[in-house]
Amino acid sequence: MCFEYKTQIDLHSLGLTALQVIAEMLPMPPDPLDPAMLQGSAIREICTLRLAWENYWLTVSPLHTRLIDTFHNGGSWDALKTDCLEDGIHDTVAQRLTDLRCALLELCDACRQAPEEAGIGNMADLFSTLLLLISNGDGTE
């Protein structure tokens, strides 16, 4: 993690910012039990990405709020670190990032496999680029 923090944080932040813009522009997924939802792999994967983004955002937003509050109000950094360690925040965030990466990979594949007339094949390059930028912190990328 230290290497990634020192060398990759700007790329990671850029990737997450771009993903936020893309994900929040996607439509909210319909009812997953709706038969129409089962049509088209790309539609399923778009919904999966949107849900993965929502899960990530719901996890990191309170953490960010607490971090900013600690910074602005002179809170205890030691208490914040201890709470994060006790709550397993590192593992939780890493799992949310892994889920995002899996959703991006699946969407990338779905775009590549879509019929040419769908006009989404070139979107695979965008999702591949985001995969290069966004790490889950396991150090294997």
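Residues numbered from 1 in each chain as written. Predicted model: local features only at pLDDT ≥ 70, side-chain atom pairs only at ≥ 80, totals over all residues. Heavy atoms only, no water.

Counted under the stated rule, the structure contains 3 salt bridges. Among the salt bridges present, the one from Asp83 reaches Arg66, with a minimum N-O distance of 2.6 Å. Placement of Asp83 in helix H3 (residues 77–87) and of Arg66 in helix H2 (residues 41–72) is noted, with a sequence separation of 17 residues between them. By relative accessible area, Arg66 is classed as partly exposed at 34%. The salt bridge partner of Lys81 is Asp78, with a shortest N-O separation of 3.8 Å. Residue Lys81 and its partner Asp78 are both found in helix H3; the two are separated by 3 residues, about one turn of the helix. (Salt bridge = Lys/Arg side-chain N within 4 Å of Asp/Glu carboxyl O. Helix = DSSP H or I, 4+ residues; strand = E, 2+ residues; numbered from the N terminus. Buried < 20%, exposed > 50% of the residue type's maximum accessible area, 1.4 Å probe, protein only.)

The next subject is the packing of H2 against helix H4 (residues 89–113). Closest axis-to-axis distance for the H2/H4 pair is 9 Å, and the angle between their directions is 160°. Judged by the inter-axis angle, H2 sits roughly antiparallel to H4. Note that H2 runs across H4; the crossing there is left-handed. Taken together, the residues of the contact of H2 with H4 break down into 16 nonpolar, 5 polar and 4 charged. (Axes fitted to C-alpha atoms, helices over the stretch in contact; angles between N-to-C directions. Parallel < 35°, antiparallel > 145°, perpendicular 65-115°, else oblique. Left-handed = near helix turned anticlockwise from the far one by under 90°. Nonpolar A, V, L, I, M, F, W, Y, C, P; charged D, E, K, R; others polar.)

What follows deals with the nonpolar core. Counting residues in each nonpolar core, the largest one holds 24 residues, and the members touching the most others are Leu19, Leu49, Leu100, Leu104 and Phe127. Elements with a contribution of two residues or more to this core: helix H1 (2–25), H2, H4 and helix H5 (123–133). Tallying contributions element by element places H4 first for this core, with 9 residues. If near-sequence neighbours (up to four positions away) are discounted, Leu100 is found in contact with Leu16, Leu19, Leu49, Ala52, Trp53 and Tyr56. (Core = buried A, V, L, I, M, F, W, Y, C linked by side-chain atoms within 4.5 Å. Contact = heavy atoms within 4.5 Å.)

Over its 32 residues, H2 extends 45 Å from the first C-alpha to the last, a length consistent with the 46 Å expected when each residue adds 1.5 Å. Those residues of H2 not exposed but buried are Ala42, Glu45, Cys47, Leu49, Arg50, Ala52, Trp53, Tyr56, Thr59, Val60 and Thr70. (Expected span 1.5 Å × (residues − 1).)

This part covers the packing of H2 against H3. Interaxial distance between H2 and H3 falls to 10 Å at its minimum, and their mutual angle equals 165°. What the angle tells us is that H2 and H3 run roughly antiparallel. H2 and H3 meet at a crossing whose hand is right-handed. Taken together, the residues of H3 that come into contact with H2 (itself represented by Arg66, Leu67, Thr70 and Phe71) are Trp77, Ala79, Leu80 and Asp83. Taken together, the residues of the contact of H2 with H3 sort by class into 5 nonpolar, 1 polar and 2 charged.

Further remarks concern a nonpolar patch on the surface. A surface patch of nonpolar side chains, about 330 Å² in accessible area, is lined by Leu67, Phe71 and Trp77. Tracing the chain through its elements places Phe71 in helix H2. By relative accessible area, Phe71 is classed as exposed at 58%. (Patch = residues over 30% accessible without salt bridge, like charges linked within 9 Å, V, L, I, M, F, W, Y side chains within 5 Å. Areas by Shrake-Rupley, 256 points an atom, 1.4 Å probe, with all protein chains shown as cover.)

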